[in-house]
Amino acid sequence: MSIDVHHVTKRFGDFVALDDVTVSLPTGQLTALLGPSGGGKSTLLRIIAGLDTADSGTISIEGTDATRLPAQKRNVGFVFQHYAVFKHMTVAKNVAFGLEIRRRPKAEVVARVDELLKLVHLSQFAHRLPSQLSGGQRQRMALARALAVEPSVLLLDEPFGALDAKVRKELREWLRRLHDEVNVTTVFVTHDQEEALEVADEIVVINEGRVEQVGTPDQLYDEPANDFVMSFLGDVTSLGGSSLRPHDIEISTSPVLAGGVEGEVSRLLRIGFEVRANVLTIDGEEVTVVLTRAHARAIGVEEGSTVWLTPAVGAAVVPRMKAVV
Amino acid sequence: MTSALLGPAADFAGEASTGRPPRRRRRQGPRNTLTPGAGLGLGIAMIWFSLLVLIPLVAIIVTAGEGGWSGYFDVLASDQTWAAVQLTVTQSLLVTAVNVVVGTIIAWVLVRDRFWGKSVLNVIIDVPFALPTIVAGLVLLSLYGPQSPLGLEWANTERAVMLALAFVTLPFIVRTVQPVLEELDADVEEAAASLGATRATIVRRIILPSLAPAIAAGAALSFARAISEYGSLVLLSGNLPFRTEVVSVRVLSFIENGNTQSAAALASVMLAVALVVIVGLDIVQRRVANRG
């Protein structure tokens, strides 16, 4: 394991940002720390980088204990949400910074900067100042700067959070390809479940300072450990006291399946190819069901019609523990 | 290494082309981009500037030139005048140098550190600037004059001049550096640290270059104020010819003797000194800012 976080706790005054967190992040993979804002994921990343210190617990990077190492000695690349560019230096100087303070030979620095700028497609901007770049270009420059010192791990704190939706999508696909190319252990923080599901090899779901679940995107989506993970990764509704996905509910206009819950369609909403039905069951539960338009038309569901609901075969079902907003 | 990334290169072509056009050293296109409103603003600015600054300056140079070059050289050839110019410029440069260091440190303390009484200190910084200069002189005289409660009798010495100048110019660099320091992102310093930079390297290569323009602006203000100072130092310095007489005192005594032409000649010399120093500071500032 590349990064081992062992019983780490961090408080800011009364607020517990991390509560006895233990997690291992695998070598050479792209891992996402996913969770709602204020859940502690950025704090964990900053503690791994040495930019914050844990109140208790240990961190080891590549097998060496890094708990007491200052940020300068951890050999970690860090990319910030708001780029953190050195405004008074050109793009090339920004990328060269880490190498220059390591007093590498000039020719080597020039060659390495050249190679990195090519990697992030900024070669033609080498002599510009960061203020002359777009947000996406600045973030790619920051990435090249972090990679220049050949870090053992690359940490990205909401790297695409400040970019507009289109650039964000482009950049995350590009990050995935870059990672496959460079193969450095990478951890990135995000609150966007789509981003995590699309890019990451492994996802660590963090909420209220605790790790809720660790797994591949498929594991998390198909076998959520609890209600929270399930609701964070997609739409959720409840049926008969369990949480499940709205598209995992079978709907029929006659009580053909055993255990079907009877209810009345209170609202029918068509959004593009899908139909969303709100069903009020006889137990007083409000259930959302999603089905395709063709299916809805075939079984003839309408507002006011009586229907029977059953969980689909193989659906991910989680016992309902608390109210899901 | 980049072969697998040729695909994304195509994706980014679009983004790059919507970015700003490549920078040129000189901007192309029409030189005059004034709209009618902006033209009016520029007009008002120029009239005001001319009335207050340009016309009086020209008047001084014209008055100084009335006696021809010989009048000019006679004024400067006087040992007493030359001593006053030397004293004023040396002490002003010294005080400005002190302010660059101390002012930057005070600004740093006020922005980065938390301590009891910080907000009070923040207000008090402006007192030397807000105080009528003659009152400042009185304060200094009572502290460092004869029967000094501190036991420091600096009246009628060069130290008195420097002390008075340091007192009135203290706020300039603090006040120009403070807002810039507040705007610096903590992110940037953390980024440098994670790249392996020590605290000293971060200060030298990241923080100082960002502060250089503000420090230079404050230094220019501080120097300009120092060479023109009168009120705060007349009481304490004693205005002894060849020892503690500064240029502004010398100019006044020329005028009191009805010798306006000499006063103007000396004034124009100080104008040249001020210009040289301000341009010099700008050059230094550009060097430091680009050092990164």
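The structure displayed is predicted, hence computed values, not measured ones.

So, how was this worked out
Within each chain, residues carry numbers counting from 1 in the order of the written sequence. Naming scheme: in the order in which they are written, chains are lettered from A and ligands are numbered from 1. Predicted model: local features are reported for residues with pLDDT of at least 70 only, side-chain atom pairs are reported and counted for 80 or more only, and whole-chain, interface and lining totals are derived from all residues. Secondary structure is summarised from DSSP: a helix means a run of H or I of at least four residues, a strand means a run of E of at least two, and numbering begins at the N terminus for each. Exposure classification rests on a simple neighbour count of other C-beta atoms within 10 Å of a residue's own: a residue reaching 20 or more is buried, one at 12 or fewer is exposed, and one in between is partly exposed. C-beta atoms are placed from the backbone. Two residues qualify as a contact pair if the distance between their C-beta atoms, derived from the backbone, is within 7 Å. Between any two strands, pairing holds if DSSP finds at least two bridges. To get an axis, fit a line to the C-alpha atoms, keeping to the stretch in contact for a helix; angles then go from 0 to 180 degrees between the N-to-C directions. UniProt positions are given in the numbering used here, feature names are shortened, and annotations may be inferred rather than shown by experiment. By convention the nonpolar core is taken to be a set of buried residues drawn from Ala, Val, Leu, Ile, Met, Phe, Trp, Tyr and Cys and joined through C-beta atoms within 7 Å. One fewer than the residue count of a helix, multiplied by 1.5 Å, yields its expected span. Here roughly perpendicular refers to angles of 65 to 115 degrees, roughly parallel to angles under 35, roughly antiparallel to angles over 145, and oblique to all remaining angles. The crossing is said to be left-handed when, going from far helix to near helix, the turn is anticlockwise and less than a right angle, and right-handed when the turn is clockwise. For this classification, the nonpolar set comprises Ala, Val, Leu, Ile, Met, Phe, Trp, Tyr, Cys and Pro, the charged set comprises Asp, Glu, Lys and Arg, and every other residue, Gly included, is treated as polar.

*Asks:* I'd like a description of the overall build of chain B, backed by residues and values.
*Replies:* Helix and strand counts for chain B come out as 13 helices and zero strands. When the helices and strands of chain B are listed from N to C terminus, the series reads α-α-α-α-α-α-α-α-α-α-α-α-α. Here chain B holds 292 residues, and the buried ones make up 31% of them. Of the contacts formed within chain B by residues at least 6 apart in sequence, a portion of 79% connects residues at least 24 apart.

*Asks:* Summarise the sheet that holds strand β14 (residues 261-271) of chain A; cite the residues concerned and give the values.
*Replies:* All names here are of chain A. The strand order β13-β17-β14-β15-β16 describes an open sheet built from five strands, whose pairing is antiparallel. Taken across any chain shown, the strands that pair with only one partner, and hence form the sheet edges, are β13 (249-252) and β16 (286-292). The sheet shows a mean angle of 45° between the axes of neighbouring strands, taken without regard to direction. One ladder, built from four bridges, connects β14 with strand β17 (residues 306-311); its direction is antiparallel. In the strand pairing of β17, Glu262 is matched with Trp308.

*Asks:* Any chance you could break down the UniProt feature "domain: ABC transmembrane type-1" (unreviewed entry) in chain B for me, citing the residues and the numbers?
*Replies:* Cross-referencing UniProt, the feature "domain: ABC transmembrane type-1" (unreviewed entry) maps to residues 85-281 of chain B in the present numbering. End C-alpha to end C-alpha, residues 85-281 of chain B measures 20 Å, and it is 79% helix and 0% strand.

*Asks:* Requested: an account of the nonpolar core, with residues and values cited.
*Replies:* Counting 89 residues, the largest nonpolar core has Leu33, Leu44, Val95, Met141, Ala142, Ala144 and Leu155 of chain A as its most contacted members. Top element by residues in this core is helix α4 (residues 135-148) of chain A. It accounts for seven residues. Counting 50 residues, the second-largest nonpolar core is a separate cluster that includes Val168, Ala212, Ala214 and Val234 of chain B.

*Asks:* Break down helix α5 (residues 165-182) of chain A for me, citing the residues and quoting the values.
*Replies:* Residue and element names in this part refer to chain A. Across its 18 residues, α5 extends 25 Å between first and last C-alpha, which sits within 8% of the 26 Å expected from 1.5 Å per residue. Listing the buried residues of α5 in full gives Leu171, Arg172, Trp174, Leu175, Leu178 and His179. Looking one or two places after α5, you find Asn183, whose phi comes out positive at around 60°.

*Asks:* Summarise the environment of Glu274 of chain A; cite the residues concerned and give the values.
*Replies:* Residues and elements named next belong to chain A. Counting through the fold element by element, Glu274 comes out in strand β15 (residues 274-281). Considered as a pair, Glu274 and Leu116 are 158 residues apart in the sequence and their alpha carbons are 45 Å apart. Contacts of Glu274, omitting those with residues within four sequence positions, involve Val290, Thr292 and Arg293.

*Asks:* Describe the UniProt feature "transmembrane region" (unreviewed entry) in chain B, and please don't skip the residues or the numbers.
*Replies:* When the UniProt feature table is mapped onto this chain, "transmembrane region" (unreviewed entry) is found at residues 33-62, 82-111, 123-145, 157-174, 206-227 and 263-284 of chain B. In the segment residues 263-284 of chain B, helix accounts for 100% and strand for 0%; the C-alpha atoms at its two ends are 32 Å apart.

*Asks:* With reference to specific residues and values, describe the sheet that holds strand β10 (residues 210-215) of chain A.
*Replies:* Residues and elements named next belong to chain A. Within the open sheet, the six strands sit side by side as β6-β7-β8-β3-β9-β10. Their pairing is mixed. Of all strands in the sheet, those with a lone pairing partner are β6 (76-79) and β10, marking the two edges. For this sheet the average axis-to-axis angle between neighbouring strands, irrespective of direction, equals 15°. Both strand β3 (residues 30-34) and strand β9 (residues 202-207) contribute to a ladder of four bridges, which runs parallel. Directly across from Ala32, in β9, lies its bridge partner Ile203.

*Asks:* I'd love a proper account of the packing of helix α2 (residues 36-65) of chain B against helix α13 (residues 260-289) of chain B, names of residues and values included.
*Replies:* Between two packed helices, what matters for the description is the angle formed by their axes and the separation of those axes. All names here are of chain B. Relative orientation of the contacting elements α2 and α13 amounts to 125°, with a least axis distance of 8 Å. Comparing their axes, α13 and α2 come out oblique. Our pair here, α2 against α13, has a crossing hand that is left-handed. Of the residues in α13, those in contact with Leu57, Ile60, Ile61, Thr63 and Ala64 of α2 are Thr260, Gln261, Ala264, Ala265, Ala267, Ser268 and Leu271. When the residues that make up the contact of α2 with α13 are grouped by side-chain class, the tally is eight nonpolar, four polar and no charged.

*Asks:* An account of the packing of helix α4 (residues 79-112) of chain B against helix α10 (residues 199-228) of chain B is needed here, citing residue identities and associated values.
*Replies:* Residues and elements named next belong to chain B. Across the interface, α4 lies against α10 with an axial gap of 9 Å and an inter-helix angle of 145°. The element α4 and its partner α10 pack so that their crossing is right-handed. Along the contact surface, α4 presents Thr88, Val89, Ser92, Val95, Thr96, Asn99, Val100, Gly103 and Thr104, while α10 presents Leu211, Ile215, Gly218, Ala219, Ser222, Phe223, Ala226 and Ile227. Considering only residue class, the contact of α4 with α10 consists of nine nonpolar, eight polar and no charged.

*Asks:* So what's going on with the pairing of β15 of chain A? Which residues, and what values?
*Replies:* Residues and elements named next belong to chain A. In this sheet, β15 lies alongside β14 in antiparallel orientation, the contact comprising eight bridges. Looking across to β15, one finds that Leu269 is bridged to Arg276. Taking the residues between adjacent antiparallel strands as the criterion, β14 and β15 are bridged by two residues, where Gly272 takes a positive phi near 60°.

*Asks:* Describe in detail unusual backbone geometry, supporting the description with residues and values.
*Replies:* Residue and element names in this part refer to chain A. One non-glycine residue, Asn75, lies in positive phi territory at about 55°. Within the secondary structure, Asn75 is located in the loop between β5 (64-65) and β6. Despite not being glycine, Glu150 has its phi angle at roughly 50°, a positive value. According to the C-beta neighbour criterion, Glu150 is exposed, with 12 such atoms within 10 Å.

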